[in-house]
Structure formats: C-alpha cells, structure tokens
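# Overview (structure and organization)
Given next are the chains, with one letter for each unit.
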Amino acid sequence: MDESAPILLFDSGVGGLTVLAELRKLLPQAPVIYAADLAGLPYGEKTEAEIAARVAGLLGRMSERFRPRLITIACNTASTIALGMVREVLHVPIVGTVPAIKPAAALSRTGAIGLLGTAATVRQKYVDDLEREFAHGKRLIRHASPELVATAEAKLRGETPDPAVFAAAAAGLREQPGGEAIDTVVLACTHFPLVQDELRAALGDNVTFVDGAQGIARRVAYLTQGQGFLRSSPDVAVVTGDLARAQPLAAALKTYGLERLEPL
Ligand code: DGL
C-alpha cells in the first residue's frame, strides 16, 4: 500500500466535514481528499436516478484520478440510494453513511424517535428496513428539511443562520402524532451536526442527538488497520462547478485541515 494514498471523503457539500472531524481524531496522519459535488447540491431534492448517476459517475472519475485506498460516502442521501451500486463497480473499499436509527433506538426512553433528513433519504426503503430491524415497537417520526442543508452551507460560508429554519424543523417533528414525546433525534444528514446547537435550542435540552460520524470514522480506522499513512502535501478539497462560488467556504475548509481548494 502506497503510504500517501488518500482516503477520499465524498458529499454533495460541506456535510461530510462532520465525518472528517471524527476521522481526524482517529487517523490524524491520514492524507484526505475531501470532494464536494457543489454543482449537484442539494441531493435531497433530486430523484433516485439522478443521485445514483451523479454518485457513480463522480466516484468512478475520482477513483481513477486520485487512486484512493478507501472511499467514504459521507452523505446519507447518496449512501442510502447508491452504495450497493458503486460497491459493485469500484474495486476499492467503500464505507457508507447509514441513518443512526439503531443507536437512537437503544438510547430512547420514551420510544419516540425523531429523524431529520433530506426528502430523498426519509422516503428510502433503506430507512424502512432500519426502522423494522432496530426500532420495532418504537415510533420513528420522520421529517424532511432541505432548508437545514442550505442553512448549514450558509453557516460555513460565514452567514448567520435564520432561527425560523430551526423552529420549522422542530415543529415538523413535534407536530406529528406522538411528536411531543420525542427524546432522541437522529441527524440523518451529515450537514445537520453543523447546526446541532441551533437545533438543540429549537428542540429543547432534553433531546439527545445521534449521528453516524463517529461510527463511520471507527469503521474507516478498522478497515485501514496496519496501513502506513504519509501526508506529503497539505490536504485538499475538490469541488464540482464554479470554483469562485466555493471560495467563501475556503476559511471553514481550512479549519478542517483542507488547505487547498481545487476544481474537480
Ligand atoms: N449531506 C447529505 C446527506 O447526508 C445531503 C445534503 C443534500 O445534498 O441534500 O444526506
């Protein structure tokens, strides 16, 4: 194994940074390429066919170009739709992101679990299957919030989030039958931990938030056990679309150790 071979982390936007932050704690030496499909953002408002085509096409191109040792799809929407398909065609280990329903079900005392995700994620059979397997006898209350994706992106561009967005997301859960009893909320979109403090203010201090970032980082560390890591140049973020539109993210990307911003 080439010690400078990177781990490729992929998301539609900045959401995957929440996974990168956890990965850095476990594998600080690992060279990382962070790829954001900003030209395709938001995935949550696209059809399954559009998402599958973009994810398969982009990951194919990037694995040829960057020769990663492992790919992490740090996006629930892309993973729940396209993980199986890309695993079949790419000869590189791929770690996906699965809505953290299992740990949430174990934590909930009231049995009422909220799930915030994109519209594309909340309608997936993948989520139905997780609910059946891990939240049997509990109530999983789903709410799609594309506004939270846009707000998390805006926050990392240095803009001030509009509190109405968080109030609406909270109401989307609380106003469904049984919603007042929700004590655990699955953040089933990697963007959402970026606005967890704001969501907490809207939902109340008694709610526990659960996301998959730590679990994904542990899985990546496990799959790369025994491999050497050598970062020979600063880590880079690559983005689709107009590079100038991504420039306002440069400062936030630097705080995650992504020193350079390049077009894909
Ligand atoms: N970060 C993505 C997720 O985890 C989706 C954001 C979007 O493109 O809609 O689902």
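Refer to the preceding data block for the structure.
These lines cover the structure that appears in this document, whether it is placed above or below. (Residues numbered from 1 in each chain as written. Predicted model: local features only at pLDDT ≥ 70, side-chain atom pairs only at ≥ 80, totals over all residues. Heavy atoms only, no water.)

Attention now moves to unusual backbone geometry. The omega angle of the peptide bond from Leu 41 to Pro 42 is 0°, so this bond is cis rather than trans. Tracing the backbone through its elements, the reader meets Pro 42 in the loop between strand E2 (32–36) and helix H2 (48–66). We note that Arg 67 has phi near 45°; this positive angle belongs to a residue other than glycine. Note that Arg 67 resides in the loop between H2 and strand E3 (70–73). (Helix = DSSP H or I, 4+ residues; strand = E, 2+ residues; numbered from the N terminus.)

It is worth spelling out the pattern of salt bridges at this point. Tallying each qualifying case throughout the model produces eleven salt bridges. One salt bridge connects Asp 235 with Arg 24, and the closest N-O pair in it is separated by 2.8 Å. Pair noted here: Asp 235 is in strand E9 (residues 235–239) and Arg 24 is in helix H1 (residues 17–26), with a separation of 211 residues, a long-range link. Residues participating in the shared-partner salt-bridge network are Arg 24, Arg 231 and Asp 235. (Salt bridge = Lys/Arg side-chain N within 4 Å of Asp/Glu carboxyl O.)

Time to look at the layout of surface pockets. Considered as a void within the structure, the largest pocket measures approximately 560 Å³ in volume. Along its surface, the largest pocket is lined by 26 residues, and Ala 100, Asp 211, Gly 212, Ala 213 and Gly 215 are the ones closest to its centre. If you list the elements that add at least two residues to the lining of the largest pocket, you get H1, helix H3 (76–89), helix H4 (101–107), helix H6 (125–134) and helix H10 (213–223). Among the elements that take part in the lining of the largest pocket, H10 stands out by supplying six residues, more than any other. Tallied by class, the residues present in the lining of the largest pocket amount to 13 nonpolar, seven polar and six charged. (1 Å grid on protein atoms, 1.4 Å probe; cavity = no way out; pocket = protein on both sides within 12 Å on 5 of 7 lines; lining within 4 Å. Points joined across faces, edges and corners; volume = space filled by probe spheres on them. Nonpolar A, V, L, I, M, F, W, Y, C, P; charged D, E, K, R; others polar.)

Let's shift gears to the nonpolar core. One broad rule of soluble globular proteins: the nonpolar side chains tend to lie buried together. Judged by nonpolar contacts, the single largest core of 53 residues is most densely connected at Leu 116, Leu 148, Val 185 and Leu 199. The next biggest cluster of nonpolar side chains, apart from the first, holds 26 residues, and it includes Phe 10, Cys 75, Leu 83 and Val 238. (Core = buried A, V, L, I, M, F, W, Y, C linked by side-chain atoms within 4.5 Å. Buried < 20%, exposed > 50% of the residue type's maximum accessible area, 1.4 Å probe, protein only.)

We now examine the site of the ligand. Close to the ligand lie 14 residues; Ser 12, Tyr 43, Thr 77, Thr 190 and His 191 are nearest. Here Tyr 43 contributes a backbone N or O atom positioned 2.6 Å from an oxygen atom of the ligand. Measuring from an oxygen atom of the ligand, one finds a backbone N or O atom of Gly 44 at 2.9 Å. Expressed as a share of its isolated accessible area of 300 Å², the protein-covered part of the ligand is 99%. Comparing atom positions with the cavity grids shows the ligand to sit within the largest cavity. For the shell around the ligand, the residue count by class is six nonpolar, seven polar and one charged. (Near = heavy atom within 4 Å. Polar contact = N/O pair within 3.5 Å; in protein donor to acceptor, adjacent residues only side chain to side chain. Areas by Shrake-Rupley, 256 points an atom, 1.4 Å probe, with all protein chains shown as cover. Sits in = over half its atoms within 2 Å of the grid points.)

A few words on the packing of helix H7 (residues 146–156) against helix H8 (residues 163–174). At a minimum axis separation of 10 Å, H7 and H8 run at an interaxial angle of 150°. Considering their axes alone, H7 and H8 lie roughly antiparallel with respect to each other. When the axes of H7 and H8 are compared, the crossing they make is left-handed. Each of Glu 147, Leu 148 and Thr 151 in H7 lies in contact with H8, whose residues at this interface are Val 165, Phe 166 and Ala 169. Residue composition of the contact of H7 with H8, grouped by class: four nonpolar, one polar and one charged. (Axes fitted to C-alpha atoms, helices over the stretch in contact; angles between N-to-C directions. Parallel < 35°, antiparallel > 145°, perpendicular 65-115°, else oblique. Left-handed = near helix turned anticlockwise from the far one by under 90°. Contact = heavy atoms within 4.5 Å.)

With that settled, consider empty space enclosed by the protein. A full pass over the atoms with the stated rule returns three cavities of 30 Å³ or more. In this structure, the largest cavity encloses a volume near 70 Å³. Forming the walls of the largest cavity are 14 residues, and the residues nearest its centre are Ser 12, Thr 77, Thr 118, Cys 189 and His 191. Of the residues assigned to the lining of the largest cavity, the class counts are six nonpolar, seven polar and one charged. Lining the second largest cavity are 15 residues, with Leu 187, Thr 190, Asp 211, Gly 212 and Ala 213 positioned closest to its centre. Of all the elements in the fold, those that place two or more residues in the lining of the second largest cavity are H1 and H10.

Attention now moves to the packing of H1 against H10. Each pair of packed helices gets described by two things: the angle between the helix axes and the distance between those axes. One way to put it is that H1 packs onto H10 with a least axis distance of 8 Å and a crossing angle of 45°. Regarding the angle of H1 to H10, the classification is oblique. The interaxial crossing formed by H1 with H10 has right-handed handedness. Here Thr 18, Val 19, Glu 22, Leu 23 and Leu 26 of H1 come into contact with H10, specifically with Ala 213, Gln 214, Ile 216, Ala 217, Arg 218, Val 220 and Ala 221.

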